[in-house]
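Spelled out from the first residue to the last, the chains are:
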Amino acid sequence: MKKFYLRTFGCQMNYSDSERLKTVLERIGYKETLSPNKADLIIMNSCSVRQHAEDRIFGFINEYEKIRKKNPQLKIGLTGCMVRKTSIQKDKEKDNLLSRIKHLDFVIRTEEMIKLPQIIGIKSSKKTNNFNTLESRELKNYFHINPKYESKFQAFVPISTGCDKFCAYCIVPYARGREKFRSKKEILEETRSLAKNGCKEITLVGQTVNSYPKFANLLKEIDKFHKFGLERVRFVSPYPPDTDDDLIDAMANLKTLMPYIHLPIQSGSNEILRRMNRKYTVEQYEKIIEKIRAKIPDCAISTDIIVGFCGETREQFMETYNLFKKIKWDMAYIAKYSPRPGTVAAKMLKDDVPAKEKSRRFHMLNKLLQKISLEKNKKFIGRTVRVLVENYNKGINTGRSEHFKIVKFKSSKSSVGKIIPVKITKAMEWLLWGQI
Ligand code: SF4
């Protein structure tokens, strides 16, 4: 039996897409291997949010090319946000990536993963499960492919794909296209079935997940599956202006909604937000935080920040820095700006903050994050949190609390997949230690 090796980069959306891609691969007769050396087919599900992410992928492609020397039949392909056009090397009008990277045999748009058999040249046979009989609904919409879930107790459920926000620095609207919503009926069927099969935590994913029409109502419907054993519902990533009162009320009142939200701000300067084409002001963002904290006082809040965006002055960076001190996010994913080819920022704006200055701002903000994160984590000492245990290694369990804090404690392998009360005894910058 032929083997595939799939490596996923980037956000939860990509991990969720990979679960569907695995179904396609298994249906055409491939079996997963965790070693690229044993694979006949290697696929990378790419992320192009930062230059660094792309550089890593290029590094891996070079590594995998060495494997081809031992196995000349090996095929190497790429999917995800770096791909604009599904194509193979011999196509006349192929995706740019194929011209740039000769080691790649094919690239395939995520939404077109169902075309993979044709792309890798597999002919339909009984052995390959007759992929030609793939249902036409799967061909029209890849969400109809049943995912091969990585875990029995946690699952990502995509509710939309693409994005209509067109932030100046972001490739997603071009790579994944305009925003498309999955039907509510389908989402409820998938979440109900997950809950009935023992899933404890569901994360709804979408590029701007809360742009989903009547998102709070969807959460209310899913909350009813608590009766089947569903304990936790999370969602990533919300877009600030779409975080309305209904959503905040749902977070405050529904049994399954957790006291945690990831709300990307990107910059603390209104001028930079305007240039980024983020459609809110700092004041509007702060208002949302105020409302969240009024209804869910201990809600943990994390964010994304880009430093050194085109034209960002030291003063504008300090606005972000000072806002950080004021809002005190529990966690922040901080990135140095790098232009993504094809975006408005890459075409129209000058990447004029020197690399050294970007690094200085990056480190300054990270230092502040470390301090605030530790302060926040210390508040949990002495409290008992409920941890959904994700893994076990050498006597130590690791999981996430209600507030999405990483918690470690001594226990046994049998705790994996269970929600365990843990008393917090020690706080560090990025995690908590506790005991049962
Ligand atoms: S909201 Fe902006 S950053 Fe997020 S996916 Fe859409 S365009 Fe990209």
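Analysis parameters
- Residues numbered from 1 in each chain as written.
- Predicted model: local features only at pLDDT ≥ 70, side-chain atom pairs only at ≥ 80, totals over all residues.
- Heavy atoms only, no water.
- Near = heavy atom within 4 Å.
- Nonpolar A, V, L, I, M, F, W, Y, C, P; charged D, E, K, R; others polar.
- Buried < 20%, exposed > 50% of the residue type's maximum accessible area, 1.4 Å probe, protein only.
- Helix = DSSP H or I, 4+ residues; strand = E, 2+ residues; numbered from the N terminus.
- Pairing = 2+ DSSP bridges.
- Expected span 1.5 Å × (residues − 1).
- Arc of directions from axis to C-beta.
- Contact = heavy atoms within 4.5 Å.
- Domains from an automatic or database assignment.
- Buried area = accessible area lost by both parts, 1.4 Å probe.
- Salt bridge = Lys/Arg side-chain N within 4 Å of Asp/Glu carboxyl O.
- Polar contact = N/O pair within 3.5 Å; in protein donor to acceptor, adjacent residues only side chain to side chain.
- Axes fitted to C-alpha atoms, helices over the stretch in contact; angles between N-to-C directions.
- Phe/Tyr/Trp six-rings, centres within 6.5 Å; stacked < 30°, edge-to-face > 60°.
- Lys NZ or Arg CZ within 6 Å of the ring centre and 35° of its normal.
- Parallel < 35°, antiparallel > 145°, perpendicular 65-115°, else oblique.
- Left-handed = near helix turned anticlockwise from the far one by under 90°.

Moving on: the site of the ligand. In the vicinity of the ligand, the contacting residues are Cys163, Lys165, Phe166, Cys167, Tyr169, Cys170, Val172, Pro173, Gln207, Thr208 and Arg278. Residues of the shell around the ligand, tallied by class, amount to seven nonpolar, two polar and two charged.

Let us look at the pairing of strand E3 (residues 41-46). Where burial is concerned, most of E3 is hidden: six out of the six residues are buried. The side-chain alternation of E3 yields two buried faces, one formed by Leu41, Ile43 and Asn45 and the other by Ile42, Met44 and Ser46. The sheet contact formed by strand E1 (residues 3-8) and E3 spans five bridges and is parallel. Across the sheet, the residue bridging to Arg7 is Met44, located in E3. The pairing of E3 with strand E4 (residues 75-80) spans six bridges and is classified as parallel. Looking at the pairing, Asn45 lines up with Thr79 of E4.

Turning to helix H11 (residues 282-295), a few remarks are in order. Between its terminal C-alpha atoms H11 stretches 20 Å, which fits the 20 Å expected from 14 residues at 1.5 Å a residue. Taken residue by residue, H11 has Val282, Tyr285, Glu286, Ile288, Ile289 and Ile292 as its buried positions. Buried residues in H11, looked at end-on, bunch into an arc of 155°, giving them a common side. Facing away from the buried side of H11 by more than 90 degrees, the exposed set consists of Glu290 and Ala294. Residues of H11 that are buried sit in contact with helix H9 (245-253), strand E12 (260-262), helix H10 (270-276), strand E13 (300-307) and helix H12 (314-327).

Quick look at the domain arrangement of the chain now. Interfaces are often sized by the amount of accessible area the parts lose when they come together. Along its sequence, the chain is carved into domain 1 (3-135), domain 2 (149-258), domain 3 (263-272 + 292-378) and domain 4 (384-435). The interface of domain 2 with domain 4 comprises eight residues on the first partner and twelve residues on the second. Each partner contributes to the roughly 800 Å² buried at the junction of domain 2 and domain 4, and carbon and sulfur atoms together form 58% of this total. It is Phe153, Arg232 and Arg234 that lose the most area in domain 2 upon contact with domain 4, and together they represent 59% of the buried surface on that side. Along the contact surface separating domain 2 from domain 4 lie one salt bridge. Across the salt bridge formed by Arg386 and Glu231, the nearest N and O atoms sit 3.8 Å from each other. Run the count over domain 2 and domain 4 and you get five residue pairs in polar contact (both at pLDDT 80 or more). Here the side of domain 2 that touches domain 4 is composed, by residue class, of two nonpolar, one polar and five charged.

Attention now moves to the sheet that holds strand E10 (residues 201-205). If you walk across this open sheet you meet the three strands as E7-E10-E11, and the pairing is parallel. Both outer strands of the open sheet, strand E7 (154-158) and strand E11 (232-236), are each paired with one neighbouring strand and no more. Each neighbouring strand pair of the sheet contributes to a mean axis angle of 20°, computed without reference to strand direction. By the bridge criterion, five bridges tie E10 to E11 in an arrangement that is parallel. Bridging from a neighbouring strand, Thr203 pairs with Arg234 of E11.

Counted by the stated rule, this structure contains 16 aromatic pairs. Here the aromatic cluster, defined as three or more aromatic residues joined through ring pairs, consists of Tyr239, Tyr280, Tyr285, Phe324 and Trp329. Across the ring face of Phe362, the terminal group of Lys336 is positioned such that the distance to the ring centre comes to 5.3 Å. For Arg400, the ring lying beneath its charged end belongs to Phe404, and the centroid distance is 4.0 Å.

Turning next to the packing of H9 against H11. Interaxial distance between H9 and H11 falls to 9 Å at its minimum, and their mutual angle equals 30°. Classified by the angle between their axes, H9 and H11 sit roughly parallel to one another. For the element pair H9 and H11, the recorded crossing hand is right-handed. Contact residues: Asp245, Ile248, Asp249 and Ala252 in H9; Ile288, Lys291, Ile292 and Lys295 in H11. Here the contact of H9 with H11 is composed, by residue class, of four nonpolar, no polar and four charged.

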